[in-house]
2 protein chains.
Amino acid sequence: MFMGASTKQGHEIATKSREIVQSLIKDKVKNLSSQEKDIVERIVHSTADPEYADLIAISSNFIKAILKSLKAKEDILTDINMVKSGITQYDGNVECFIKNKETIAITKEATKATTTKEKEKKITRAAAAIQYAADNDFEGIIAIGNAPTALYKAIELKEKGELNVKAIVGVPVGFVGAANSKEALQKTDIPNIITKGPKGGTPVAVAIVNSLIQTINNKD
Amino acid sequence: MFMGASTKQGHEIATKSREIVQSLIKDKVKNLSSQEKDIVERIVHSTADPEYADLIAISSNFIKAILKSLKAKEDILTDINMVKSGITQYDGNVECFIKNKETIAITKEATKATTTKEKEKKITRAAAAIQYAADNDFEGIIAIGNAPTALYKAIELKEKGELNVKAIVGVPVGFVGAANSKEALQKTDIPNIITKGPKGGTPVAVAIVNSLIQTINNKD
């Protein structure tokens, strides 16, 4: 299994693509570690967008922390089901709680708020899903490919000591809140990888996680 | 429900994002129909990548054909499960056969080929999944967000009269084969939407399909 290919034909396509990607971005990744280089190449392969080589920022404590968590088969929590669907080769659990009835209940409870203080607690369902995970003793990695609100909630809960997250793949996408949420993540001590600016999304989150899972699986 | 938002907070974010997108690409979409404009805006919203406004090409028979199929609740077939996961508001079936045992069997059978003629039949699992759908009387829409090989297979089977596809969302991504497969689709009579060049992917396929489903649902 290489870069998601499951047949010889698929493997040949993936290999050729990787060579093209390497020729496109080789100057931009030359100072990265092999794992970091693998991640950036896989993102560009998955998106066909070389600009990502300029947008990725990886905290110095990220690779070690996330590999340790993956090797221990700790849970991976995703903000949306699309991200979960793309992580297909992991021996541990991949979870997404956005459609759980308890998550929907958290969102509805917040909607009933009447005072200003209570209104501040109003949250999106993606953020409620992170709250639900924290309430249920989640321990592991969080991968955010869509919702800045989920990323802000993860940062808030980690800083309060209420969320046992070992590393965050923080690549929400969009023109509203995404860039700021990623800057907020970079200011924390949480091991993290982000994409600067509005870009990011499901394929980016999936490429990062799958690249690291492949690192682990190849070493087994 | 607007652009995937399920809460008031989410709705506000989606609305603000849409306004930013409109300001970024308004000159590029001014000659499009309202449905076409919705599609392009939603893609840019989902990817935070305004370049897509230059890359989308829609055949003149696409909108009418796909809306008719969606209104009839015909099946939507996706090449990979990530695309299926993103289509959450459709009243009809959304299918993906890439992990079916019959699909895996088609791929394995092709791998046994020994003669040159037989070797030509070697296929990826994504292509085998389209073959499986055709073999089982699929009728409806095909949305390809990843694999050029799946798109080529859909075109081939449609032209042989073996696949009853009403419209193709053809936005495979990558540096190997994706651009050519989309050009091949444009040369057919199949109602289609594509992204020119290597770019495309799951969020693009999902944005297109969900935009059209929203058009249908708003009219109900």
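The rules behind the values
- Residues numbered from 1 in each chain as written.
- Chains lettered and ligands numbered in written order.
- Predicted model: local features only at pLDDT ≥ 70, side-chain atom pairs only at ≥ 80, totals over all residues.
- Heavy atoms only, no water.
- Contact = heavy atoms within 4.5 Å.
- Buried area = accessible area lost by both parts, 1.4 Å probe.
- Salt bridge = Lys/Arg side-chain N within 4 Å of Asp/Glu carboxyl O.
- Helix = DSSP H or I, 4+ residues; strand = E, 2+ residues; numbered from the N terminus.
- Buried < 20%, exposed > 50% of the residue type's maximum accessible area, 1.4 Å probe, protein only.
- Right-handed = clockwise from strand over helix to strand, strands pointing away.
- Pairing = 2+ DSSP bridges.
- Axes fitted to C-alpha atoms, helices over the stretch in contact; angles between N-to-C directions.
- Parallel < 35°, antiparallel > 145°, perpendicular 65-115°, else oblique.
- Left-handed = near helix turned anticlockwise from the far one by under 90°.
- Nonpolar A, V, L, I, M, F, W, Y, C, P; charged D, E, K, R; others polar.
- Least-squares fit on C-alpha atoms with pLDDT ≥ 70 in both.
- Phe/Tyr/Trp six-rings, centres within 6.5 Å; stacked < 30°, edge-to-face > 60°.
- Lys NZ or Arg CZ within 6 Å of the ring centre and 35° of its normal.

## What to know about the interface of chain A and chain B
Then comes step 1: Contacts between chain A and chain B engage 38 residues on the former and 38 residues on the latter.
Then comes step 2: Between chain A and chain B, roughly 2800 Å² of surface is buried when both sides are summed, and carbon and sulfur atoms account for 74% of that area.
Then comes step 3: On the chain A side of the interface with chain B, the three residues burying the most area are A:Met82, A:Phe175 and A:Val176, jointly 25% of the side's total.
Then comes step 4: At the boundary of chain A and chain B, one finds 2 salt bridges.
Then comes step 5: Note that A:Asp49 and B:Lys199 form a salt bridge whose closest N and O atoms lie 3.7 Å from each other.
Then comes step 6: Mapped by element, the contributors of at least two residues to the side of chain A that touches chain B are α1 (8-29), α2 (34-47), α5 (81-86) and α11 (202-219) of chain A.

## What to know about the environment of B:Leu77
All names here are of chain B.
Then comes step 1: Relative to the assigned elements, Leu77 resides in strand β2 (residues 75-78).
Then comes step 2: Spatially, the C-alpha atom of Leu77 lies 14 Å from that of Thr88, the residues being 11 residues apart in sequence.
Then comes step 3: Apart from the residues lying within four places of it in its own chain, the contact partners of Leu77 are Glu95, Cys96, Phe97, Ile130, Ala133, Phe138, Ile141, Ile142 and Ala143.

## Side note on the pairing of strand β5 (residues 164-170) of chain A
All names here are of chain A.
Then comes step 1: A large share of β5 lies buried, amounting to 5 of its 7 residues.
Then comes step 2: Following the backbone out of strand β4 (residues 139-144), through helix α9 (residues 148-159) and into the adjacent parallel β5, one traces a crossover that is right-handed.
Then comes step 3: As paired strands, β5 and strand β6 (residues 192-195) are joined by 3 bridges and run parallel to one another. Within β6, the residue paired with Gly170 across the bridge is Ile194.

## Focus on unusual backbone geometry
Then comes step 1: The backbone phi angle of A:Ala48 is positive, close to 55°, even though this residue is not glycine.
Then comes step 2: With respect to the helices, strands and loops of the structure, A:Ala48 is situated in the loop between α2 and α3 (52-55).
Then comes step 3: At B:Lys73, a residue that is not glycine, the phi angle is positive and equals roughly 55°.
Then comes step 4: Residue classification places B:Lys73 among the partly exposed residues on the basis of a relative accessible area of 44%.

## Remarks on the packing of helix α8 (residues 125-135) of chain A against α9(A)
Residue and element names in this part refer to chain A.
Then comes step 1: Two elements in contact, α8 and α9, have axes separated by 7 Å at closest approach and are oriented at 30°. By the angle class used here, α8 and α9 are roughly parallel. The crossing of α8 and α9 is right-handed. Contact residues: α8 offers Ala126, Ala127, Ile130, Gln131 and Ala134, while α9 offers Thr149, Ala150, Lys153, Ala154 and Leu157.
Then comes step 2: Looking at the contact of α8 with α9 residue by residue, the classes come out as 7 nonpolar, 2 polar and 1 charged.

## Some remarks on the relation of the copies chain A and chain B
Then comes step 1: Superposition of chain A onto chain B requires a rotation of 180° combined with a translation of 0.0 Å along the rotation axis, giving an RMSD of 0.0 Å. Considering both components of the superposition, the chain copies are consistent with a two-fold axis. Looking at the rotation axis and the C-alpha trace of chain A, the residue lying nearest is A:Met82, at 2.6 Å.
Then comes step 2: Both copies share a contact surface, since 100% of the interface residues of chain A are interface residues in chain B too.

## Topic: the pattern of salt bridges
Then comes step 1: All told, the structure shown has 24 salt bridges over all chains when counted by the stated rule.
Then comes step 2: One salt bridge connects A:Lys37 with A:Glu41, and the closest N-O pair in it is separated by 3.6 Å. Placement of the pair is A:Lys37 and A:Glu41 together in helix α2, with a separation of 4 residues, close to one helical turn.
Then comes step 3: Ionic pairing is found between B:Glu41 and B:Arg18, a salt bridge with its closest N-O pair at 2.8 Å. Linking B:Glu41 in helix α2 (residues 34-47) with B:Arg18 in helix α1 (residues 8-29), this pair joins segments that are 23 residues apart in sequence.
Then comes step 4: What emerges from the salt-bridge pattern is a single network uniting A:Asp49, A:Glu51, A:Lys199, B:Asp49, B:Glu51 and B:Lys199.

## Considerations on the sheet that holds β6(A)
Residue and element names in this part refer to chain A.
Then comes step 1: The strand order across the open sheet built from 6 strands is β1-β6-β5-β4-β2-β3, with neighbouring strands paired in mixed fashion. Because the sheet does not close on itself, it has two edges, and the strands there are β1 (56-58) and β3 (94-95).
Then comes step 2: Relative to β4, strand β2 (residues 75-78) runs parallel, the two sharing 4 bridges. By the bridge assignment, Ile76 is partnered in β4 with Ile141.
Then comes step 3: With respect to the sheet, helix α10 (residues 178-186) is in contact with β1, β5 and β6, its orientation differing from that of β6 by roughly 150°.

## Concerning the packing of aromatic side chains
Any pair of aromatic rings gets described here by the distance separating the centres and the angle formed by the planes.
Then comes step 1: For the coordinates displayed, the defined rule picks out 2 aromatic pairs over all chains.
Then comes step 2: Here the aromatic rings of B:Phe97 and B:Tyr132 are separated by 4.9 Å at their centres, their planes lie at 75°, and the arrangement is edge-to-face. Within this pair, whereas B:Phe97 is found in the loop between β3 (94-95) and α6 (101-111), its partner B:Tyr132 is found in helix α8 (residues 125-135), the two being separated by 35 residues in sequence. Grouping residues by exposure puts B:Phe97 and B:Tyr132 together as buried.
Then comes step 3: We note A:Lys199 situated over the ring of A:Tyr52; from NZ or CZ to the ring centre the distance is 5.6 Å.

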